[in-house]
Structures are given as structure tokens and as C-alpha cells.
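Inside the fold
As a plain string of letters, each chain reads:
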Amino acid sequence: MDVVAERVAALREERIDHRFKGLPPDAEGLTVGELADQRRTLADGGFTTPLLVLSAAALDHNLAVLEGWTTEHGLAFAPHGKTSMAPQLFARQLERGAWGITVAVPHQLRVCRAFGIPRVFLANELVDPAALRWLAAELDADPDFAFVCYVDSVRGVQLMNEVLLAAGTRRRVDVVVELGAGPGARTGARTEADCAAVAAAVGAADRLRLVGVAGYEGEVPDADPERVRAWLRRLVALAAELDRSGAFADAERIVISAGGSAWFDAVADVFGGIGAMSAPVLPLLRSGAYVTHDDAHYARVTPFTRVPGRLEPAFRLWAQVVSRPAPGQAFLNAGKRDAPYDLGLPTPVAVHSPAGLRPAPPELRVSGISDQHLWLSVPPDDALEVGDLVALGLSHPCTTFDKWPLIPVATPDGIVTDYVRTFF
Ligand SMILES: Cc1ncc(COP(=O)(O)O)c(C=O)c1O
């Protein structure tokens, strides 16, 4: 067993207790592995509501789809780990050929390293001195650890270099210049001239090595297929120009990285046209949200609205009707602490009552969300009653995973076969 598989397997030894909401109170004291081996059912396994559930079949499907996509299009893959922060899913992504895992901030990098992830791409600037000192020690301790992060300013490069010099680090830290996605976009140097200045600063920094360029097309202002492709072409041209100038002279491979879960079709098109460079190129896709997909935001923006293919929403949130105080109103026992609300509210997909399971009527809507309640607007003739369960589709994955430290994974017939641990 490799080190990642071994450390992930050790998660089965963790004890179930009050830290893990939704799990059966009578499972207290069992290990996660023991509970998984009991193969409890969602229907009568003693789970409490609200309960977030992952679909085993949807996860398998989505993992396979992006594995296939990246292989078919010659892309290396470092799925964004901040989506799930679930090392069990990282392990599955690596088993399916991912080059490494992407993260956004130093503590996520530490989670990756705690689970032995050998290659990490930090798609962000890193100028925190304590985090840099830790990173330097980690690099020096493990010659096989591959790490790359963004730089987008001369000052940032200088700050990094000063800390690394003072720490006496032996290995250099690999960096890529981040090209901003356009005027008013998030991080990233705004112009090619700015990027060249940052690259020159890296060239002069003793403890850094420039290995490529990167950015995030998901931040292209007023994104549409043409604007996104135009920005991706700028990124590829920037890499070629920096290469011509000798900026990657020390790199063993040149990293060109972009790509979330909304535009991997455009990334595949444009990266497909990357020409030969002075070292082998690593065209690196970083989609993360694909792993669970969703029922609203990503369902609307996935490339599979433009090209053939399909991802499956893997989350269902089960909540119970706890109050039906007026004819058009019902309240569920899930709120902001259980469901994401930053890119749209949950949507009812099914109702489970003593009469059985029925699809939720389109008029049954979530009209609001409080800390611990979902507000339901109920059509006049609907039979929804206190005690009924409502299954909700969610939008979107990142702010779902961060509310649930241990998530049951169920088969289509509701047998829980595994539990996914998250580390935010
Ligand atoms: C820099 C960067 N790369 C990749 C991703 C992954 O995108 P997605 O969540 O759409 O899969 C994100 C998401 O926010 C990101 O910020």
C-alpha cells in the first residue's frame, strides 16, 4: 500500500462521537471502519436529520468522467482539493492518474502533506513567513515532494526569497507567474509586462525557480466561450514568450495551468495548441467541483452544457419538516450551518412521508434560510406534514463539504458503505 492509501485507511480507526452530526447516536464509540462494515441503511440505520449524503455511484461516475477527459485531451490533472478537503477523495483522484492535488492556502497544503500527497500545486500567492518556513523544511525533508505556487508581484517574490534565505532552505521553491484573468479580476499580474517583471524578479531570487505560468479562467470578467479562450490564448502566449526569453532555463518541465469545472472544454481546446518549448510542458488542469458536481450552479455552467458528456450531482441533504405553522409555510431543520447558500439556495427534489417517496412538486420551493432552518413555500394542496423528510439538491460543493466533517456515502438503495472525512 502506498503512503497515501495507508494514511487514508487509518481514517477508519477514528471513533464516532458527537463531533459528527447526523451519524447514529447508537454508533457512539464505534470506529468509522466498524460502522461502515455494518452497512447500515439511511432509512433505518439510526441516522438523524439534517443529514448530508454522498452518492457512491455519482462519485464514481464523476471521477471517471474527468479521468477520461484529461486522458483524452492530453492534460495533466491536479484537481482542486479545497472543494472537498477530503483526503479519501484525493486518494481516489490520484489512483485515477491525477498528477497531484491543488490547494488554495497553506493549511490545506499541510493536510495534503499529512496524508502523504507527493505533488501539490498551490494556486495562490504564498507570502506567510511561518508557512514558508514550514514549506521549506518539508521540501528539504522529502526530495520527492513536488510543490509549485503562484507569484504575481515583485514584492511577493522578494518577501518569499528573504524568508527562504533566512531559513537556510536547501531546495528552491518552484513558482509560476499568475496572469490575472482581466481587468477587475482576482489575483494575478495584469499585463504581460507585469508578468515579465515578476519573472525577472524570480530570476534574481536565489531561493526560487520559475517553472511556468498559470491563472484561473473562472474569473474572466463577463465570461463567455470567446473571452475565456482569448484569455487562455494569452496565457499560452505568455508561456511561449517567457520561454523565448530564457526565463524557464532552470525548469525540468514547464507548467501551464488553468481550469476549474466551468471551462475545461476551452482549456482542452487551447492547451491542445501549445507548441514545443525548451523543456517538456505540463499542461495542468485544476477542476475541483466536478467531483460532486451539483444541482444548480455547476449544473448551469458545466462544459457539458456545450459538449457531450454528463456529471452527476452527488449530494443530497435530507432535512425534516419540524413546523407547519401556516398553510403556505413549512420549516425544515437544516440551515446555513448545513447547506450552502452563497451561490443559490437548496432545491427540494423529493419528499418522504409515511405514504412513501414522491418527487417534490416544482412549486415546493425554498424561500429563505436561517442559521438552523430552511423556509419552505408550500403549494396550497400539498400534503407535506410535520415529520416528513425532504431531500434537497445543493449549490455548490465547496461550501457544502466545509459544513460536514464526516459524510456517509450511500449506494442507490440507501446502504451506507463508507464515510468521507473532511479537514477544513
Ligand atoms: C485558482 C483556482 N483554480 C481552480 C479552481 C477550481 O474550480 P472549480 O471549483 O470550478 O472546479 C478554483 C476554484 O475556485 C480556483 O480558484
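This structure is a prediction, so every number in the text was calculated from the model and none was measured.

Thoughts on the pairing of strand 4 (residues 119-125)
- When strand 3 (residues 101-103) meets strand 4, the two strands line up parallel, connected through three bridges. Across the sheet, the residue bridging to isoleucine 101 is valine 120, located in strand 4.
- Read as a crossover between parallel neighbours, the route from strand 3 over helix 5 (residues 106-114) to strand 4 is right-handed.
- One ladder, built from five bridges, connects strand 4 with strand 5 (residues 146-151); its direction is parallel. Counterpart to valine 120 in the pairing with strand 5 is phenylalanine 147.
- Crossover handedness for the path strand 4 to helix 6 (residues 129-141) to strand 5: right-handed.

A word on the domain arrangement of the protein
- Taken as a whole, the protein is organised into domain 1 (1-56 + 312-421) and domain 2 (118-289).
- In this structure, domain 1 and domain 2 have C-alpha centres spaced 38 Å apart.

Here we look at the side chain of asparagine 62
- For asparagine 62, the location among the structural elements is in helix 3 (residues 56-72).
- Note on asparagine 62: relative accessible area 0%, which makes it buried.
- At a separation of 2.8 Å, a polar atom in the side chain of asparagine 62 contacts the main-chain carbonyl oxygen of glutamate 312.
- Sequence-distant contacts of asparagine 62, that is, excluding residues within four places in its chain, are made with Tyr290, Val291, Thr292, His293, Leu311 and Glu312.

Observations concerning the environment of leucine 159
- Looking at the secondary structure, you find leucine 159 in helix 7 (residues 154-167).
- Separated by 32 residues in sequence, leucine 159 and valine 127 place their C-alpha atoms 6.4 Å apart.

Considerations on the packing of aromatic side chains
- Summed over all chains, the structure comprises nine aromatic pairs.
- Note on phenylalanine 115 and phenylalanine 423: the rings are 5.4 Å apart at their centroids and 55° apart in plane angle, and the pair reads as tilted. One end of the pair, phenylalanine 115, is in the loop between helix 5 and strand 4; the other, phenylalanine 423, is in the segment after strand 18 (416-421), with 308 residues separating them in the sequence.
- Residue classification places phenylalanine 115 among the buried residues on the basis of a relative accessible area of 10%.
- Ring plane angle 70° and centroid distance 4.9 Å describe the contact between phenylalanine 315 and phenylalanine 401, whose orientation is recorded as edge-to-face. Taken together, the residues span a long stretch of sequence, with phenylalanine 315 in strand 10 (residues 315-326) and phenylalanine 401 in helix 12 (residues 398-401) at a distance of 86 residues. When sorted by exposure, phenylalanine 315 lands in the same class as phenylalanine 401, which is buried.
- Above the face of the tryptophan 134 ring, arginine 110 is positioned so that its terminal group lies 5.9 Å from the ring centre.
- For the cation-ring pair, arginine 113 lies above phenylalanine 145, with the distance from its terminal atom to the ring centre recorded as 3.7 Å.

Notes on the sheet that holds strand 5
- In space, the eight strands of this open sheet follow the order 2-9-8-7-6-5-4-3, with parallel pairing throughout. On the outer flanks of this sheet lie strand 2 (76-77) and strand 3, each paired with one strand and no other.
- Bridge count for strand 5 against strand 6 (residues 173-178) is four bridges, and the pairing is parallel. Opposite cysteine 149, over in strand 6, you have valine 175 as the bridge partner.
- Lying on the sheet, helix 9 (residues 225-244) is in contact with strand 7 (208-214) and strand 8 (254-258); it crosses strand 8 at an angle near 165°.

A few points about the site of the ligand
- Arg186, Ser261, Gly288, Ala289 and Tyr298 are the nearest of the 14 residues found near the ligand.
- Here an oxygen atom of the ligand and a side-chain polar atom of serine 261 are 2.6 Å apart.
- A distance of 3.1 Å separates a nitrogen atom of the ligand from a polar side-chain atom of arginine 286.
- With respect to the pocket detection grid, the ligand is positioned in the second largest pocket.

Quick notes on empty space enclosed by the protein
- Throughout the structure, instances matching the rule amount to one cavity of 30 Å³ or more.
- Approximately 50 Å³ is the volume attributed to the largest cavity.
- What lines the largest cavity is Glu178, Leu179, Gly180, Ala181, Ala185, Arg186, Thr187, Gly215, Tyr216 and Glu219.
- Looking at side-chain class alone, the lining of the largest cavity contains four nonpolar, three polar and three charged residues.

Digging into the nonpolar core
- By size, the foremost hydrophobic cluster in this structure holds 129 residues, and its most contacted members are Phe121, Phe147, Ile256 and Phe271.
- Here this core gets eight residues from one element, more than from any other, and that element is helix 9.
- Residue contributions to this core reach at least three from each of two domains, namely domain 1 (1-56 + 312-421) and domain 2 (118-289).
- Those residues in contact with phenylalanine 147 that lie beyond four places of it in its chain are Leu109, Val120, Leu122, Leu126, Leu135, Leu139, Val173 and Asp174.

Description of the pattern of salt bridges
- Tallied over the entire structure, the rule returns 25 salt bridges.
- The shortest N-O distance in the salt bridge between arginine 421 and glutamate 14 comes to 2.8 Å. Placement of arginine 421 in strand 18 and of glutamate 14 in the loop between helix 1 (3-9) and helix 2 (32-37) is noted, with a sequence separation of 407 residues between them. With respect to class, arginine 421 is no different from glutamate 14; both count as buried.
- Several salt bridges share partner residues, and in doing so they unite Glu14, Asp17, Arg19 and Arg421 into one network.

What counts, and at which threshold
- Residues numbered from 1 in each chain as written.
- Predicted model: local features only at pLDDT ≥ 70, side-chain atom pairs only at ≥ 80, totals over all residues.
- Heavy atoms only, no water.
- Pairing = 2+ DSSP bridges.
- Helix = DSSP H or I, 4+ residues; strand = E, 2+ residues; numbered from the N terminus.
- Right-handed = clockwise from strand over helix to strand, strands pointing away.
- Domains from an automatic or database assignment.
- Buried < 20%, exposed > 50% of the residue type's maximum accessible area, 1.4 Å probe, protein only.
- Polar contact = N/O pair within 3.5 Å; in protein donor to acceptor, adjacent residues only side chain to side chain.
- Contact = heavy atoms within 4.5 Å.
- Phe/Tyr/Trp six-rings, centres within 6.5 Å; stacked < 30°, edge-to-face > 60°.
- Lys NZ or Arg CZ within 6 Å of the ring centre and 35° of its normal.
- Axes fitted to C-alpha atoms, helices over the stretch in contact; angles between N-to-C directions.
- Near = heavy atom within 4 Å.
- 1 Å grid on protein atoms, 1.4 Å probe; cavity = no way out; pocket = protein on both sides within 12 Å on 5 of 7 lines; lining within 4 Å.
- Sits in = over half its atoms within 2 Å of the grid points.
- Points joined across faces, edges and corners; volume = space filled by probe spheres on them.
- Nonpolar A, V, L, I, M, F, W, Y, C, P; charged D, E, K, R; others polar.
- Core = buried A, V, L, I, M, F, W, Y, C linked by side-chain atoms within 4.5 Å.
- Salt bridge = Lys/Arg side-chain N within 4 Å of Asp/Glu carboxyl O.

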